[in-house]
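Breakdown of the fold
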Amino acid sequence: IPKAFLTDYSFKDKFLEKLGSSEPAPGGGAAAALTVAQAAALGEMAARLNFKRSKNKKNCAALFTIRKKLMVLLEKDAQAFTLLSRFKKEDRVKPSYQSVLKKAAGVPMEICKAALEGLKLAAGEKTFTSTWLYSDLVESAILFEAGFSAARLNVEINLASEWRRLGEARQL
């Protein structure tokens with residue numbers, strides 16, 4: 001591996017700079033998507049290395065697909081939250097806000113689904129995994145769980161916001 005291999009990713013630098021900025025997005029949802037994508041990549045690596053023993057290409061392909069889907073969800077989450085953050089407090093009772101809020105909650109829900117699917121696939125690699133590869137597979141599971149928990153938190157907060165809005169509308 002060339003020396004600069006792990007330090008020469010412009011996406012990594014740009015994403016982390018944006019994540020650490022004062023901009024509203026990307027935020028926790030995008031970070032959750034990236035976490036689950038990393039989990040899928042580690043699971044995919046294990047599946048590829050296990051192929052000699054398992055002869056199962058399905059997990060490799062499925063984890064690859066999940067990883068690619070999560071990179072799309074990372075973008076969708078940042079876009080949805082950017083739209084959501086543009087609403088003024090007084091506009092949050094309007095139907096247009098509700099529509100954007102539902103989309104914003106839908107993206108982390110998809111991240112949760114992908115995390116669960118990926119975790120099941122990675123767990124299927126356990127019986128074929130060598131001692132040396134086992135830590136990568138366990139780290140994959142840890143990242144799937146962390147990404148799921150982070151995305152679930154986003155869903156819960158978005159839905160709680162909707163419930164509060166509905167309560168405020170009933171009081172009017």
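1. Points about the packing of helix H2 (residues 28-54) against helix H4 (residues 95-123)
- Orientation of H2 relative to H4, taken along the N-to-C sense of each, is 15°, at an axis distance of 10 Å. Our classification of the angle between H2 and H4 gives roughly parallel. For the element pair H2 and H4, the recorded crossing hand is left-handed. For the pair formed by H2 and H4, the contact residues are Gly-29, Ala-32, Ala-33, Val-36 and Gly-43 on the first element and Ile-111, Ala-114, Ala-115 and Ala-122 on the second.
- For the contact of H2 with H4, the residue count by class is seven nonpolar, two polar and no charged.

2. Section: a nonpolar patch on the surface
- Among the surface-exposed residues, Tyr-134, Val-138 and Ile-142 lie close enough to one another that they form a single nonpolar patch of about 260 Å² accessible area.
- Considering the arrangement of structural elements, one finds Ile-142 in helix H5 (residues 131-171).

3. Looking at the nonpolar core
- Judged by nonpolar contacts, the single largest core of 28 residues is most densely connected at Val-36, Leu-63, Ile-66, Leu-70, Leu-74, Ile-111 and Phe-144.
- Contributing elements (two or more residues each) for this core: H2, helix H3 (58-85), H4 and H5.
- For this core, the element with the highest residue contribution is H2, accounting for 10 residues.
- Residue contacts for Leu-70: discarding those within four places in its chain leaves Ala-33, Val-36, Ala-37, Ile-111 and Ala-114.

4. Observations regarding the pattern of salt bridges
- Under the definition given, this model contains six salt bridges.
- For Lys-94, the salt bridge identified is with Asp-91, shortest N-O distance 3.2 Å.
- Residue Arg-152 pairs with Glu-156 through a salt bridge whose shortest N-O separation is 3.2 Å. One end of the pair is Arg-152 and the other is Glu-156, both in helix H5 and four residues apart, which spans about a single turn.
- Judged by relative accessible area, Glu-156 falls into the partly exposed class, the value being 42%.
- Here the salt bridges share partners, and the residues they tie into one network are Glu-44, Arg-48 and Arg-67.

5. Considering the side chain of Glu-125
- Mapped onto the secondary structure, Glu-125 falls in the loop between H4 and H5.
- Of note is the side chain of Glu-125, whose polar atom sits 2.9 Å from the side chain of Asn-50.
- In contact with Glu-125, not counting residues within four places along its chain, are Ala-46, Ala-47, Asn-50, Asn-59 and Leu-137.

6. With respect to the environment of Ala-114
- Structurally, Ala-114 can be placed in helix H4.
- For Ala-114, a relative accessible area of 2% corresponds to the buried category.
- With near-sequence residues (within four places) excluded, Ala-114 lies in contact with Val-36, Ile-66, Leu-70 and Phe-144.

Basis of the calculations
Residues numbered from 1 in each chain as written. Predicted model: local features only at pLDDT ≥ 70, side-chain atom pairs only at ≥ 80, totals over all residues. Heavy atoms only, no water. Axes fitted to C-alpha atoms, helices over the stretch in contact; angles between N-to-C directions. Helix = DSSP H or I, 4+ residues; strand = E, 2+ residues; numbered from the N terminus. Parallel < 35°, antiparallel > 145°, perpendicular 65-115°, else oblique. Left-handed = near helix turned anticlockwise from the far one by under 90°. Contact = heavy atoms within 4.5 Å. Nonpolar A, V, L, I, M, F, W, Y, C, P; charged D, E, K, R; others polar. Patch = residues over 30% accessible without salt bridge, like charges linked within 9 Å, V, L, I, M, F, W, Y side chains within 5 Å. Areas by Shrake-Rupley, 256 points an atom, 1.4 Å probe, with all protein chains shown as cover. Salt bridge = Lys/Arg side-chain N within 4 Å of Asp/Glu carboxyl O. Core = buried A, V, L, I, M, F, W, Y, C linked by side-chain atoms within 4.5 Å. Buried < 20%, exposed > 50% of the residue type's maximum accessible area, 1.4 Å probe, protein only. Polar contact = N/O pair within 3.5 Å; in protein donor to acceptor, adjacent residues only side chain to side chain.

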